[in-house]
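Close look at the chain arrangement
In case you want the letters, here they are:
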Amino acid sequence: MRFVLNVIWLVLAGFWMALGYLLAGVICCVLIVTIPFGVASFRIANYVLWPFGREVVVRPGSGAPSTVGNVIWLIFAGWWLALGHLLTSIPLFISIVGIPFGWANLKLIPVSLMPLGREIVPSEAVFGR
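Residues numbered from 1 in each chain as written. Predicted model: local features only at pLDDT ≥ 70, side-chain atom pairs only at ≥ 80, totals over all residues. Heavy atoms only, no water.

Quick notes on a nonpolar patch on the surface
As a reminder, the rule being used: The patch calculation keeps residues exceeding 30% relative accessible area without a salt bridge and links them within 9 Å when they carry like charges or within 5 Å when they are nonpolar (Val, Leu, Ile, Met, Phe, Trp, Tyr). Using a 1.4 Å probe, the Shrake-Rupley method yields the accessible areas, and only the shown protein chains count as cover for residues. What makes a salt bridge here is a side-chain nitrogen of Lys or Arg within 4 Å of a carboxyl oxygen of Asp or Glu, nothing more. What counts as a helix is a DSSP run of H or I of at least four residues, what counts as a strand is a run of E of at least two, and both are numbered from the N terminus.
Taken together, the side chains of Phe-15, Trp-16, Leu-19, Leu-22, Leu-23, Val-26, Ile-27, Val-30, Leu-31 and Phe-42 define a hydrophobic patch exposed on the protein surface, amounting to about 960 Å² of accessible area. Of the residues forming the nonpolar patch, the biggest block, eight residues, is contributed by helix α1 (residues 2–30). Within the element layout of this structure, Leu-31 appears in the loop between α1 and α2 (35–49).

Given below as structure tokens:
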């Protein structure tokens, strides 16, 4: 079932949102100082392509540098990506079939706003299924 959901997600919203994260990652890697943001953006782009069956958890011990980095990320790229998730969720919620994908889009907003200090793990690791 996850495979089917991920394929439908990829066609409806995942590909376009992943392109946004890839663009943000390339821009961050060009500006040498922001390479950690670029790496985080590429990691999230991978997650945005196949979100079903994976969860975002807070990495223990991430500390103050991640918080400072998240504030910088939020100002320059995070709110654009979160707005993209919000805007792409609206048409998904209009149809009955798109509702789970709209929820998945909204689930991605917190990690788009604050990606540093987060880790993407399989759902089984979080829920123990």
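A look at the UniProt feature "domain: Inner membrane component" (unreviewed entry) in the chain
Filter applied, for reference: UniProt positions are given in the numbering used here, feature names are shortened, and annotations may be inferred rather than shown by experiment.
In this numbering, the UniProt entry assigns the feature "domain: Inner membrane component" (unreviewed entry) to residues 4–54 and 68–118. Secondary structure within residues 4–54 divides into 82% helix and 2% strand; the distance between the first and last C-alpha atoms comes to 14 Å. Secondary structure across residues 68–118 comprises 80% helix and 2% strand; the distance between its end C-alpha atoms is 14 Å.

Here's the deal with the pattern of salt bridges
For side chains bearing opposite charge, pairing can occur when the charged atoms are close. Short version of the rule: To sort residues, take the accessible area from a 1.4 Å probe on protein chains only and compare it with the maximum for the residue type: under 20% means buried, over 50% means exposed, and anything in between is partly exposed.
All told, the structure shown has one salt bridge when counted by the stated rule. Between Lys-107 and Glu-55 there is a salt bridge; the shortest N-O distance is 3.7 Å. Here Lys-107, found in helix α4 (residues 99–107), pairs with Glu-55, found in strand β1 (residues 54–58); they are 52 residues apart in sequence, far enough to count as distant. By relative accessible area, Lys-107 is classed as partly exposed at 36%.

What about the UniProt feature "transmembrane region" (unreviewed entry) in the chain?
Following the UniProt record, one finds the feature "transmembrane region" (unreviewed entry) at residues 7–40 and 71–104. As annotated, residues 71–104 has a helix share of 88% and a strand share of 0%, and its two end C-alpha atoms lie 24 Å apart.

Overview of the nonpolar core
Operational definition: Buried Ala, Val, Leu, Ile, Met, Phe, Trp, Tyr and Cys residues form a nonpolar core when they are joined through side-chain atoms within 4.5 Å. Whether two residues touch is decided by their heavy atoms; if any such pair falls within 4.5 Å, the residues are in contact.
Among the nonpolar cores identified, the biggest contains 23 residues, and Trp-9, Tyr-21, Val-48, Trp-73 and Leu-108 are the most heavily contacted of them. When residues of this core are traced back to their parent elements, those giving at least two are α1, α2, α3 (63–94) and α4. Examining the composition of this core, we find that seven residues originate from one element, α1, more than from any other. Residue contacts for Trp-73: discarding those within four places in its chain leaves Ala-24, Cys-28, Phe-37, Ser-41, Gly-78, Leu-81, Ser-112, Leu-113 and Pro-115.

Considerations on the side chain of Ser-112
The test is simple: Nitrogen and oxygen atoms within 3.5 Å of one another constitute a polar contact, given that in protein one can donate a hydrogen and the other can accept it, and given that sequence-neighbouring residues count only through two side-chain atoms.
As for its position among the elements, Ser-112 is in helix α5 (residues 109–113). Exposure remark for Ser-112: the relative accessible area of 0% places this residue in the buried category. Polar side-chain contacts of Ser-112 include one of 2.7 Å to the backbone oxygen of Ile-109. With residues up to four places along the chain from it excluded, the contact list for Ser-112 reads Tyr-21, Trp-73, Gly-78, Leu-81, Ala-82 and His-85.

Remarks on the packing of α3 against α4
How we decide: Every axis in this analysis is a line fitted to C-alpha atoms, fitted for helices over the stretch in contact. Angles between the N-to-C directions lie between 0 and 180 degrees. With respect to orientation, any angle under 35 degrees is reported as roughly parallel, any angle over 145 as roughly antiparallel, any angle of 65 to 115 as roughly perpendicular, and every other angle as oblique. Helix crossings get a hand from a simple test, with the near helix turned counterclockwise from the far one by less than a right angle marking a left-handed crossing and a clockwise turn marking a right-handed one. When residue character is reported, Ala, Val, Leu, Ile, Met, Phe, Trp, Tyr, Cys and Pro are called nonpolar, Asp, Glu, Lys and Arg charged, and the others, Gly included, polar.
Following both chains from N to C, one finds α3 and α4 inclined at 165°, their axes separated by 8 Å at the closest point. As summarised for this structure, α3 and α4 are arranged roughly antiparallel, according to the angle between their axes. When you trace α3 past α4, the crossing you get is left-handed. In contact with His-85, Leu-86, Thr-88, Ser-89, Leu-92 and Phe-93 of α3, α4 contributes Ile-99, Phe-101, Gly-102, Trp-103, Asn-105 and Leu-106. Looking at the contact of α3 with α4 residue by residue, the classes come out as seven nonpolar, five polar and no charged.

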